[in-house]
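Residue-level structural notes
Spelled out, the chains give:
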Amino acid sequence: MGAAQLIEAGETGREGAATHLYTDQLPDEAAIDALHYHTVSYDKTATEHNVAMAEEMFGDILPIKACGVMLWLALWDRIVFWRGAEKVLYSLIDEPELLHRLMAKLVDIENDYIDQLEAQNLLFCGPGAVCHCMETYVDEPYQPGFDPEHIRACDCWVSGAAQIFSEVSPAMHDEFEIEYMKPLYERFGWVNYGCCEPLHNKIDIIRKIKNVRAISTSPWADVYKTAEAMHGDYLMARKPNPSYVASGYVSVDAVKQEIRETLKACRDNSTNVEFILKDITTVNRRPECLTEWYELVKAEVENF
C-alpha cells in the first residue's frame, strides 16, 4: 500500500532492519470502507512440485510434509503498519469511534478468511506445529467431530497480540483489543497470547478469552507479578533477554539471574514455564553462543 518510506538503513548487505516513517493509509471511514476481503485459493500443482523438490533435496535426512497454515492474528500490528504507531496511539483518544469501526471491519474480514481456510482444508494442527515460536502440545482432547483429514479452526492453535498496547491501560486494551478479538480467538482450540509487550498488569483481561493456554512474558514484563496473576492457570511463555547473547558471548551472570528469578516466581505461584529465546537480531557471527546459552539455562533449571 506504499505505507512506508525508508529514511534510514543499516549497512547494506548485513542487516534487514531499518527505520521507517509511516504515512497514514486509513485516515477516515471511506478508507476503512475500501478495505477488501481476502480471496483464498490453493495451487495444488505448485504445491506438489515444491514438495517433490524438497524430497529430492532433503528427503534422505528429513521427512517432508505439505501442511496448511497456522495463524498469527495480531490485528493491531497490522494497523500500526498501515497508520504508524504515533497516529494509532493518538487516535485511541482523539478518534476512538474510527478505531472501533476499523476493528469491527477487520474482525469481519478475518472471520471470512478463516471460513475460506476451513472450507479448503488449509489449516494446520498436530505434531510439528509451531505457534508463534512455541511448540504446540496439549493433553486435552480435540472437540467432537475431529477429522485429521479435514482440519477445523477449533482443532488448531492460534496466536495473537497487541504490541502497541504496551503503552495503554488495561481498560483501553480490553476495549479496543480483547472485546473484538475474543470471539475470533475462541473459534480456535487454544490460544498463545502476547509477544514483546509486557502483560503483567493485564492477565485479568486476558482471562476473558476462555481458551488461552499460554501467555508471553517478555524481557520488559515483571515476571513475579505475571506468575502471581497467572497462578498456575496458564503456561508462562518466558522470553529471556536476547541482548545477553548479542555480543556473541553469553552474559553468564545476567542469564543466571534472569532464569533464577523466573523459576522462583513460577515455583512460588505454581505456574509452569517454558523459555523461548527469540528476537535474536545478532549473535555477532558466533552462533555457538546459542548452544552455550541453552546449556546454561538447562543447568539452572536442573539445579533449581
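For the structure given in this document, a descriptive report is provided here. (Residues numbered from 1 in each chain as written. Predicted model: local features only at pLDDT ≥ 70, side-chain atom pairs only at ≥ 80, totals over all residues. Heavy atoms only, no water.)

**Let's talk about helix α4 (residues 85-94)**
- Turning to α4, its buried residues are V88, S91 and L92. Relative to the axis of α4, the buried residues are bounded by an arc of 105 degrees and lie together on one face. Seen from the buried face of α4, the exposed residues on the opposite side, beyond 90 degrees, are E86, I93 and D94.
- Buried-residue contacts for α4 involve α3 (75-83), α5 (96-119) and α6 (170-185). (Buried < 20%, exposed > 50% of the residue type's maximum accessible area, 1.4 Å probe, protein only. Helix = DSSP H or I, 4+ residues; strand = E, 2+ residues; numbered from the N terminus. Arc of directions from axis to C-beta. Contact = heavy atoms within 4.5 Å.)

**Points about the packing of aromatic side chains**
- If you walk through the whole model with that rule in mind, you get six aromatic pairs.
- Aromatic pair Y142 and F146: ring centres 3.9 Å apart, planes at 5 degrees, arrangement stacked.
- By relative accessible area, Y142 is classed as partly exposed at 34%.
- The partly exposed category is assigned to F146, whose relative accessible area is 29%.
- Ring geometry for Y142 versus W190: centroids 5.9 Å apart, planes at 65 degrees, classification edge-to-face. With Y142 in the loop between β4 (134-135) and β5 (157-160) and W190 in strand β6 (residues 190-193), this residue pair connects regions lying 48 residues apart in the sequence.
- Feature note: the residues Y142, F146, W157 and W190 constitute an aromatic cluster, connected by ring pairs. (Phe/Tyr/Trp six-rings, centres within 6.5 Å; stacked < 30°, edge-to-face > 60°.)

**A look at the pattern of salt bridges**
- In total, this model carries 20 salt bridges according to the counting rule given.
- For E288, the salt bridge goes to R286, with nearest N and O atoms at 3.6 Å.
- The partly exposed category is assigned to E288, whose relative accessible area is 41%.
- R286 is paired through a salt bridge with E292; the nearest N and O atoms lie 2.9 Å apart.
- By relative accessible area, E292 is classed as partly exposed at 34%.
- The network of salt bridges with common partners includes D24, R83, K87 and E95. (Salt bridge = Lys/Arg side-chain N within 4 Å of Asp/Glu carboxyl O.)

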